[in-house]
Amino acid sequence: MKRYLDFLWENRFSIILATLFLLAAGWFALQGLPESVFPNVDFPRVTVLVNDGSLPVKFMEVEITRPLEALAKGQPGVRLVRSQTGNGLTKLNVYFNPGVNPQTAYLMLQARLSQVRLPLARRCG
């Protein structure tokens, strides 16, 4: 161990120079790396949530999920509509064709779904 430490002390300027060279090479290599591994991608998908914690699944399915699905499927450029229904919750995932602008598709779908009159929640007590 003493021989190793003596070697480091005798060659300290060479070791410092090599360390600085490695740091500089690392800095220049870091500047050339891309910022992100994955490219920026806009996924043409819109998620619609309807929430009322007091309604049963059957009511949500018949009165809310099916009409929303029918309107979403009629929207131009829609490729696929997936829905999930639970107690008081409906979730629609609307997938658009790849060439569709996501912002425009969202606004058009929002305008179309605003035509649906959702039933008022019936509260007991």
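This text goes with the structure placed above it.
Predicted model, so just to flag it, every value in this text is computed and none were measured.

Student: Got a minute to help me understand the pattern of salt bridges in this structure?
Tutor: Close approach of charged atoms allows side chains of opposite charge to pair. All told, the structure shown has two salt bridges when counted by the stated rule. The partner of Asp6 in a salt bridge is Lys2, and the shortest N-O contact between them spans 3.7 Å. Placement of both Asp6 and Lys2 in helix H1 (residues 2-10) is noted, with a separation of four residues, approximately one turn of the helix. Note that Arg66 is salt-bridged to Glu61, the shortest N-O span being 3.6 Å.

Student: So what exactly am I meant to see when it comes to the sheet that holds strand S3 (residues 89-96) here?
Tutor: By way of backbone hydrogen bonds, the strands of a sheet pair with one another, either parallel or antiparallel. Pairing is antiparallel across the open sheet formed by three strands, whose spatial order is S1-S3-S2. Two strands bound the open sheet, and with one partner strand each, they are strand S1 (45-51) and strand S2 (78-86). Averaged over all adjacent pairs, the angle separating strand axes in this sheet is 15 degrees, with direction ignored. For S2 and S3, the ladder comprises eight bridges, and the chain directions are antiparallel. The residue bridging Val78 from the neighbouring strand is Phe96, located in S3. Of the strands in this sheet, S1, S2 and S3 are in contact with helix H3 (residues 57-73), which crosses S2 at around 170 degrees. Across the face of the sheet, helix H4 (residues 102-113) comes into contact with S1 and S3 while running at roughly 30 degrees to S1.

Student: Teacher, can you tell me more about the packing of aromatic side chains here?
Tutor: Aromatic ring pairs are defined here through the distance separating the ring centres and the angle between the ring planes. Tallied over the full model, the rule gives zero aromatic pairs. Over the aromatic face of Trp9 sits the side chain of Arg12, whose NZ or CZ is 4.1 Å from the ring centroid.

Parameters at a glance
- Residues numbered from 1 in each chain as written.
- Predicted model: local features only at pLDDT ≥ 70, side-chain atom pairs only at ≥ 80, totals over all residues.
- Heavy atoms only, no water.
- Salt bridge = Lys/Arg side-chain N within 4 Å of Asp/Glu carboxyl O.
- Helix = DSSP H or I, 4+ residues; strand = E, 2+ residues; numbered from the N terminus.
- Pairing = 2+ DSSP bridges.
- Axes fitted to C-alpha atoms, helices over the stretch in contact; angles between N-to-C directions.
- Contact = heavy atoms within 4.5 Å.
- Phe/Tyr/Trp six-rings, centres within 6.5 Å; stacked < 30°, edge-to-face > 60°.
- Lys NZ or Arg CZ within 6 Å of the ring centre and 35° of its normal.

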